Amino acid sequence: QVQLVESGGGLVQSGESLRLSCAASGRTFTTYAMGWFRQAPGKEREFVGAISRGGGRTDYVDSVKGRFTISRDNAKNTVYLQMNTLKPEDTAVYYCAAGWQPSRILEGYAYWGQGTQVTVSS
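Enquirer: Is there a simple way to think about the pattern of salt bridges in this case?
Expert: Two side chains carrying opposite charge are able to pair once their charged atoms lie near each other. Tallied over the entire structure, the rule returns 5 salt bridges. Between Glu46 and Arg38 there is a salt bridge, with its nearest N and O atoms 2.6 Å apart. The partly exposed category is assigned to Glu46, whose relative accessible area is 36%. Relative accessible area serves as the criterion here: at 5%, Arg38 is assigned to the buried category. For the salt bridge of Asp90 with Arg38, the shortest nitrogen-to-oxygen distance reads 2.9 Å. Within this pair, whereas Asp90 is found in the loop between strand S8 (78-83) and strand S9 (92-99), its partner Arg38 is found in strand S4 (residues 33-39), the two being separated by 52 residues in sequence. Since its relative accessible area comes to 1%, Asp90 is described here as buried. It is possible to trace a salt-bridge network through shared partners that takes in Arg38, Glu46, Arg67 and Asp90.

Enquirer: Is there a simple way to explain the pairing of strand S11 (residues 116-121) in this structure?
Expert: For a regular strand, side chains alternate in direction, first toward one face of the sheet and then toward the other. What you see with S11 is a clean split: Thr116, Val118 and Val120 sit on the buried side and Gln117, Thr119 and Ser121 on the side with no burial. Bridging between strand S2 (residues 10-13) and S11 involves 4 bridges; their strand directions are parallel. Within S11, the position partnered with Gly10 by the bridge is Val118. With 3 bridges connecting them, S9 and S11 associate as antiparallel partners. Each residue of the ladder has a partner; that of Ala92, found in S11, is Val118.

Enquirer: Which parts of the structure should I look at to understand unusual backbone geometry?
Expert: Keep in mind that most residues, glycine aside, have a negative phi and that most peptide bonds are trans. One non-glycine residue with positive phi stands out, namely Asn77, at about 55°. Note on placement: Asn77 falls in the loop between strand S7 (68-73) and S8. A positive phi angle, near 50°, is found at Thr85, a position not held by glycine. Take Thr85: it is sitting in the loop between S8 and S9. What makes Thr85 partly exposed here is its relative accessible area of 45%.

Enquirer: How should I be thinking about the state of the cysteines in this particular structure?
Expert: Note: disulfide means a covalent bond formed between the sulfur atoms of two cysteine side chains. Taken as a whole and judged by the stated rule, the model has 1 disulfide. Here Cys22 connects covalently by a disulfide to Cys96, the sulfurs 1.9 Å from one another. The sign of the S-S torsion, about 50°, decides the handedness of the disulfide formed by Cys22 and Cys96: right-handed. One end of the pair, Cys22, is in strand S3 (residues 18-26); the other, Cys96, is in strand S9, with 74 residues separating them in the sequence. On the accessibility criterion, Cys22 (0% relative accessible area) is buried.

So, how was this worked out
- Residues numbered from 1 in each chain as written.
- Predicted model: local features only at pLDDT ≥ 70, side-chain atom pairs only at ≥ 80, totals over all residues.
- Heavy atoms only, no water.
- Salt bridge = Lys/Arg side-chain N within 4 Å of Asp/Glu carboxyl O.
- Buried < 20%, exposed > 50% of the residue type's maximum accessible area, 1.4 Å probe, protein only.
- Helix = DSSP H or I, 4+ residues; strand = E, 2+ residues; numbered from the N terminus.
- Pairing = 2+ DSSP bridges.
- Disulfide = S-S within 2.5 Å.

Now the structure itself:
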């Protein structure tokens, strides 16, 4: 069992940056690959990016490549999502998730946080 708590969301203007954090507690953090997903109003939850257990491998959806960066600090049991050059279409609730392997699908993750709202104004 692992508990995930996201933080760092907020309201920003187009072009600005935010860094989301996801703190994990419970079982050993390095047991899990971590993913970030987002869900905009009226839309399905979608994959944003993922990072391997050791942090050496990352994967991103095309729409955020070059703008978003996932990293993890295993000593702090925390994964981050650095979001630069934010756009209004990035507005969503952002969720972190823990699973056994990096995956682009929701079913690849066993544990989820409660989400944090990111709103980007134009």
